[in-house]
Amino acid sequence: MENDKKVLSIVQEDGSVEEVELLVSFKFRDNNQEYIVYTRNEKDESGNITIYVSHVVEKDGQLEMEAVESDEEWSRIKDVLRELSKNDD
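Residues numbered from 1 in each chain as written. Predicted model: local features only at pLDDT ≥ 70, side-chain atom pairs only at ≥ 80, totals over all residues. Heavy atoms only, no water.

Draft legend 1. Molecular detail of unusual backbone geometry. Of note in the backbone geometry, Asn41 takes a positive phi value of approximately 60 degrees without being a glycine. Tracing the backbone shows Asn41 in strand β3 (residues 34-43). For Asn41, a relative accessible area of 40% translates into the label partly exposed. For Asp60, which is not a glycine, the phi torsion comes out positive at approximately 50 degrees. Residue position: Asp60 is located in the loop between β4 (49-59) and β5 (62-66). In this structure Asp60 comes out as exposed when scored by relative accessible area, which is 82%. (Helix = DSSP H or I, 4+ residues; strand = E, 2+ residues; numbered from the N terminus. Buried < 20%, exposed > 50% of the residue type's maximum accessible area, 1.4 Å probe, protein only.)

Pasting the structure below:
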(Lines give C-alpha, C1' and ligand atoms only; values in the text may rest on other atoms or scores of the structure.)
Protein backbone atom coordinates (compact mmCIF):
# COMPACT_ATOMS: atom_id res chain seq x y z
CA MET A 1 0.00 0.00 0.00
CA GLU A 2 1.36 3.41 -0.95
CA ASN A 3 1.75 6.18 1.60
CA ASP A 4 -0.19 9.10 0.13
CA LYS A 5 0.37 11.41 3.09
CA LYS A 6 1.58 14.90 2.23
CA VAL A 7 3.80 16.38 4.91
CA LEU A 8 3.95 20.13 5.35
CA SER A 9 6.66 21.86 7.39
CA ILE A 10 5.41 24.85 9.35
CA VAL A 11 7.89 27.35 10.76
CA GLN A 12 6.59 28.67 14.08
CA GLU A 13 7.10 32.25 15.25
CA ASP A 14 9.93 31.09 17.53
CA GLY A 15 11.72 29.54 14.54
CA SER A 16 10.95 25.94 15.42
CA VAL A 17 9.66 23.67 12.64
CA GLU A 18 6.62 21.45 13.00
CA GLU A 19 5.67 18.79 10.49
CA VAL A 20 1.95 18.29 9.91
CA GLU A 21 -0.09 16.22 7.49
CA LEU A 22 -1.75 18.25 4.74
CA LEU A 23 -5.26 16.92 4.16
CA VAL A 24 -6.51 19.29 1.47
CA SER A 25 -6.01 22.78 0.11
CA PHE A 26 -8.54 24.84 -1.79
CA LYS A 27 -9.17 28.34 -3.11
CA PHE A 28 -12.40 30.26 -3.40
CA ARG A 29 -12.74 31.49 -6.98
CA ASP A 30 -14.76 34.60 -6.16
CA ASN A 31 -12.22 36.18 -3.80
CA ASN A 32 -9.07 34.16 -4.63
CA GLN A 33 -8.54 33.29 -0.96
CA GLU A 34 -6.63 30.06 -0.32
CA TYR A 35 -6.97 27.72 2.64
CA ILE A 36 -5.27 24.59 3.90
CA VAL A 37 -6.70 21.85 6.09
CA TYR A 38 -4.15 19.89 8.09
CA THR A 39 -3.72 17.68 11.13
CA ARG A 40 -1.11 16.94 13.76
CA ASN A 41 -2.84 13.53 14.13
CA GLU A 42 -3.95 14.39 17.67
CA LYS A 43 -7.10 12.79 19.02
CA ASP A 44 -9.75 14.54 21.10
CA GLU A 45 -11.50 13.00 24.12
CA SER A 46 -13.93 11.24 21.75
CA GLY A 47 -11.12 9.64 19.74
CA ASN A 48 -11.63 11.88 16.69
CA ILE A 49 -8.59 13.30 14.92
CA THR A 50 -8.34 17.07 15.31
CA ILE A 51 -8.05 19.09 12.10
CA TYR A 52 -6.97 22.69 11.62
CA VAL A 53 -7.79 25.22 8.93
CA SER A 54 -5.65 28.22 8.04
CA HIS A 55 -5.94 31.02 5.54
CA VAL A 56 -2.81 31.12 3.36
CA VAL A 57 -1.42 34.51 2.33
CA GLU A 58 1.76 35.58 0.59
CA LYS A 59 3.85 38.16 2.43
CA ASP A 60 7.24 39.29 1.21
CA GLY A 61 7.47 36.28 -1.11
CA GLN A 62 6.76 33.82 1.72
CA LEU A 63 3.58 31.85 2.32
CA GLU A 64 2.12 32.49 5.75
CA MET A 65 -0.80 30.94 7.58
CA GLU A 66 -3.36 33.16 9.25
CA ALA A 67 -6.28 32.32 11.49
CA VAL A 68 -9.77 32.16 10.04
CA GLU A 69 -11.59 34.92 11.88
CA SER A 70 -14.98 35.74 10.40
CA ASP A 71 -18.13 33.66 10.80
CA GLU A 72 -18.78 34.07 7.06
CA GLU A 73 -15.39 32.55 6.25
CA TRP A 74 -16.01 29.63 8.64
CA SER A 75 -19.43 29.01 7.14
CA ARG A 76 -18.00 28.79 3.62
CA ILE A 77 -15.14 26.54 4.76
CA LYS A 78 -17.55 24.18 6.53
CA ASP A 79 -19.60 23.95 3.31
CA VAL A 80 -16.46 22.94 1.37
CA LEU A 81 -15.50 20.35 4.00
CA ARG A 82 -19.02 18.88 3.95
CA GLU A 83 -18.85 18.55 0.17
CA LEU A 84 -15.40 16.97 0.32
CA SER A 85 -16.54 14.45 2.93
CA LYS A 86 -19.53 13.48 0.72
CA ASN A 87 -17.18 12.86 -2.21
CA ASP A 88 -14.93 10.72 -0.02
CA ASP A 89 -17.59 8.05 0.61
